[in-house]
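A look at the structure
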Amino acid sequence: CPKGKRIVFGGFYGEREDAFSAPSVFVTAARRSGARGWTVEGSNAGDLPGELEALAYCGKVGRTKARTDTISLGQFELGSAEAVCPLGTKVRYGGFEKAAGTPGRVELHAMERTSGRGLRVTASEGFYLTPGDEMGLTAIAYCR
């Protein structure tokens, strides 16, 4: 964001011709990187180069504080992490990330406000993990 403005909401866009064309980008993180930046990370499961674009929506807003909740997902497991803002604050926007260094692939199903204070991220582990391996999934609520 330009000087004097902060992130209001962040998103991403990945280019694809159709549902069957490569590249096949799986987003592994979408989170704030400072008060004025937004970072998106992903992996390409296809065989052609592709693009993943981070989208930052900016405005004159107050400072937010991140709250997180992390869960572990086993092979092909579906689960939800829910970050909750402190009493007296509200969710302004949210993000998520796959824990660095853990195997597996995040397949995002939903990112939604559950109340004025909660943000839930639902995903499944979409890559075969051996029994006992786990992938970390973190929901991030940016509160003010």
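Residues numbered from 1 in each chain as written. Predicted model: local features only at pLDDT ≥ 70, side-chain atom pairs only at ≥ 80, totals over all residues. Heavy atoms only, no water.

**As for the state of the cysteines**
What counts, and what does not: Put simply, a disulfide is two cysteine sulfurs that come within 2.5 Å. Put simply, DSSP H or I for four residues or longer makes a helix, DSSP E for two residues or longer makes a strand, and each gets a number counted from the N terminus. Residue exposure (1.4 Å probe, protein chains only): buried if accessible area is under 20% of the type maximum, exposed if over 50%, otherwise partly exposed.
If you walk through the whole model with that rule in mind, you get 2 disulfides. Here cysteine 85 engages in a disulfide with cysteine 143; their sulfurs sit 2.0 Å apart. With the S-S dihedral at roughly -85°, the linkage between cysteine 85 and cysteine 143 falls on the left-handed side. With cysteine 85 in the loop between strand S6 (78-84) and strand S7 (91-98) and cysteine 143 in strand S10 (residues 135-143), the pair connects residues that are 58 residues apart, well separated along the chain. Judged on exposure class, the residue cysteine 85 and its partner cysteine 143 are both buried. For the protein, numbering the cysteines in disulfides from first to last along the sequence yields the connectivity 1-2, 3-4.

**Concerning the pattern of salt bridges**
Oppositely charged side chains are able to pair whenever their charged atoms sit close together. Inclusion rule: In the sections that follow, a salt bridge refers to a side-chain nitrogen of Lys or Arg positioned within 4 Å of a carboxyl oxygen of Asp or Glu.
As enumerated under the stated definition, the model contains 4 salt bridges in all. Between glutamate 41 and arginine 31 there is a salt bridge, and its shortest N-O distance comes to 2.9 Å. Of the two residues, glutamate 41 sits in strand S3 (residues 38-44) while arginine 31 sits in strand S2 (residues 25-32), which places them 10 residues apart along the sequence. Judged by relative accessible area, which is 35%, glutamate 41 ranks as partly exposed.

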